[in-house]
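Residues per chain, in single letters:
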Amino acid sequence: MTRRDAVANALLHRYSPTLFQLDDSARQYRGMSLLELARESLANAGVNTRGLSRDEVATRSLHSTSDFPEILSAVTNKTLRQAYETYPRTFMLFCRQVLATDFKAMNRVQLGEAPQLLEVGESGEFKRGTLGESKESYKVKTYGRVVAITRQTLINDDLDAFTRIPAMYGNSIAQLESDVVWGIITANPAMADGNALFHANHKNLAGTGAALAVDAVGAARAAMALQTGLDKKTVLNIRPAFLIVPAALELKAEQLVAQNLVPAATSSVVPQSIRTLAPISEPRLDAASATAWYLAASPNQIDTIEYAYLEGQQGAYIETRNGFDVDGVEIKCRLDFGAKAIDWRGLYKNPGA
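These numbers were taken from a predicted model, which means no experiment stands behind them.

(A) How the structure looks around the pairing of strand 7 (residues 293-297). Among the five residues of strand 7, five are classified as buried, and the element is accordingly described as predominantly covered. Residues Trp293, Leu295 and Ala297 of strand 7 are buried on one face, and the alternating residues Tyr294 and Ala296, pointing to the opposite face, are buried as well. Where strand 5 (residues 240-245) lies against strand 7, four bridges are found, and the strand directions are antiparallel. Following the sheet pairing, Leu243 is matched in strand 7 by Leu295. As paired strands, strand 7 and strand 11 (residues 347-350) are joined by four bridges and run antiparallel to one another. Bridge assignment links Ala296 to a residue of strand 11, and that residue is Leu347.

Right under this line is the structure:
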């Protein structure tokens, strides 16, 4: 481990001893303040720090050839990434991730099913068939903010300024991803055919709302199984894998898929096929409806919602530079992200009771 890594590790351990274990090479730095670490970085870069005031040490360490700005960058990067990866993103279970090569619109061609085989009589001809197709389009957008670490931070030995603040940005970026994806479910946008994602024409919206119960889930499951391909004939037999509910119905969903003990009546038995559904509770759904619930198929069987990162920039990304508008180091947090519902047949909505 290099000295830069050791100093960064000592600062991360000071920020959160449970998340970042202290390495042996970092023990010599664990009791040092930010200003003391800045002074040592200057000394290692060949700068004579004798007689320099606290303000001069802070200013020079942030604007010199010392490795102190890189140490701060490493610490902020790790705290941001740790917070970003810790935030619960429930959409990842039923959505599919892809990578975008640029910011141009991505066209997702939804191929129809192979044409059905026709009987060929003796000396008969093989007739040609065609594949139907539909197209959905979306593109990756860029989101970002800038946060600065100033010389006042070093003088005040304010570790929170470049640990907790980047961590909050990490949470914010993960929340933004969830807002974008779950916003598709709650906004019910129009698909390429002009109909809303959940629409009677798509046969994925219950005509009458029903409370979350075995019979209602069974009816929703049957509707998904009866979905047909683009040729309007091929039965797809889509099997739901996830039961998606708002936080208000989380307990009800868990009880529904829980192991049957001793049901009081045969009608109370929950079939194994329904208990295999994985419940997903998302509080973003409550604002739109506290009663609506959904079924979703596995993205391995059929497209549902697709989300994309720019290639090479997956998830939260940060860049640092010596500040120009501020006297310190500027940290730019960036996210290149986009999402779109690709196929309505893998999703089903019941408005609830």
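(B) Layout of the sheet that holds strand 7. Pairing is mixed across the open sheet formed by four strands, whose spatial order is 6-5-7-11. Because the sheet does not close on itself, it has two edges, and the strands there are strand 6 (278-281) and strand 11. Neighbour-to-neighbour, the strand axes of the sheet open up by a mean angle of 25 degrees, direction not taken into account. One ladder, built from four bridges, connects strand 5 with strand 6; its direction is parallel. From the neighbouring strand, Ile244 faces strand 6, where its bridge partner is Ile280. Sheet strands in contact with helix 8 (residues 250-257) are strand 5 and strand 6, and its direction is about 150 degrees off that of strand 5.

(C) Looking closely at the packing of helix 1 (residues 3-15) against helix 4 (residues 68-86). Axis separation between helix 1 and helix 4 bottoms out at 9 Å; the angle between their running directions is 45 degrees. Classified by the angle between their axes, helix 1 and helix 4 sit oblique to one another. Viewed along their axes, helix 1 and helix 4 form a crossing whose handedness is right-handed. Mapping the contact onto sequence places Arg3, Arg4, Val7, Ala8, Leu11, Leu12 and Tyr15 in helix 1 and Glu70, Ile71, Ala74, Val75, Lys78 and Thr79 in helix 4. A breakdown of the residues in the contact of helix 1 with helix 4 according to their chemical character gives eight nonpolar, one polar and four charged.

(D) Representation of the side chain of Asn195 in the model. Inspection of the secondary structure assignment puts Asn195 in the loop between helix 6 (164-187) and helix 7 (214-225). What Asn195 contacts, discounting residues up to four positions off in sequence, is Pro189, Ala190, Asn201 and His202.

(E) Main features of helix 2 (residues 34-44). Inspection of helix 2 places Leu34, Leu35, Leu37, Ala38, Ser41 and Leu42 among the buried residues, and these make up the whole buried set. The buried side chains of helix 2 occupy one side of the element, clustering within an arc of 160 degrees when seen end-on. Tucked into the core, helix 2 has its buried residues touching helix 1, helix 3 (54-62), helix 4 and helix 5 (151-155).

(F) Spotlight on the side chain of Arg89. Secondary-structure assignment places Arg89 in the loop between helix 4 and strand 1 (95-100). Separated by 3.0 Å, the side chains of Arg89 and Glu177 make a polar contact. In this structure, Arg89 is in contact with Tyr84, Ala174, Glu177, Ser178 and Tyr309, ignoring residues within four places of it in sequence.

(G) Examining the packing of aromatic side chains more closely. Summed over all chains, the structure comprises seven aromatic pairs. Residues Tyr15 and Phe20 carry aromatic rings whose centres are separated by 6.4 Å and whose planes lie at 40 degrees to one another, so their mutual orientation is tilted. With a centroid separation of 5.4 Å and 55 degrees between ring planes, the pair formed by Phe94 and Trp182 is classed as tilted. Of this pair, Phe94 sits in the loop between helix 4 and strand 1 while Trp182 sits in helix 6, placing them 88 residues apart in sequence. Of the two residues, Phe94 and Trp182, both sit in the buried class. A network of ring pairs unites the aromatic residues Phe91, Tyr307, Tyr309 and Phe337 as a single cluster. The cationic tip of Arg89 hangs over the ring face of Tyr84; the distance from NZ or CZ to the ring centre is 4.3 Å.

What counts and what doesn't
Residues numbered from 1 in each chain as written. Predicted model: local features only at pLDDT ≥ 70, side-chain atom pairs only at ≥ 80, totals over all residues. Heavy atoms only, no water. Buried < 20%, exposed > 50% of the residue type's maximum accessible area, 1.4 Å probe, protein only. Helix = DSSP H or I, 4+ residues; strand = E, 2+ residues; numbered from the N terminus. Pairing = 2+ DSSP bridges. Axes fitted to C-alpha atoms, helices over the stretch in contact; angles between N-to-C directions. Contact = heavy atoms within 4.5 Å. Parallel < 35°, antiparallel > 145°, perpendicular 65-115°, else oblique. Left-handed = near helix turned anticlockwise from the far one by under 90°. Nonpolar A, V, L, I, M, F, W, Y, C, P; charged D, E, K, R; others polar. Arc of directions from axis to C-beta. Polar contact = N/O pair within 3.5 Å; in protein donor to acceptor, adjacent residues only side chain to side chain. Phe/Tyr/Trp six-rings, centres within 6.5 Å; stacked < 30°, edge-to-face > 60°. Lys NZ or Arg CZ within 6 Å of the ring centre and 35° of its normal.

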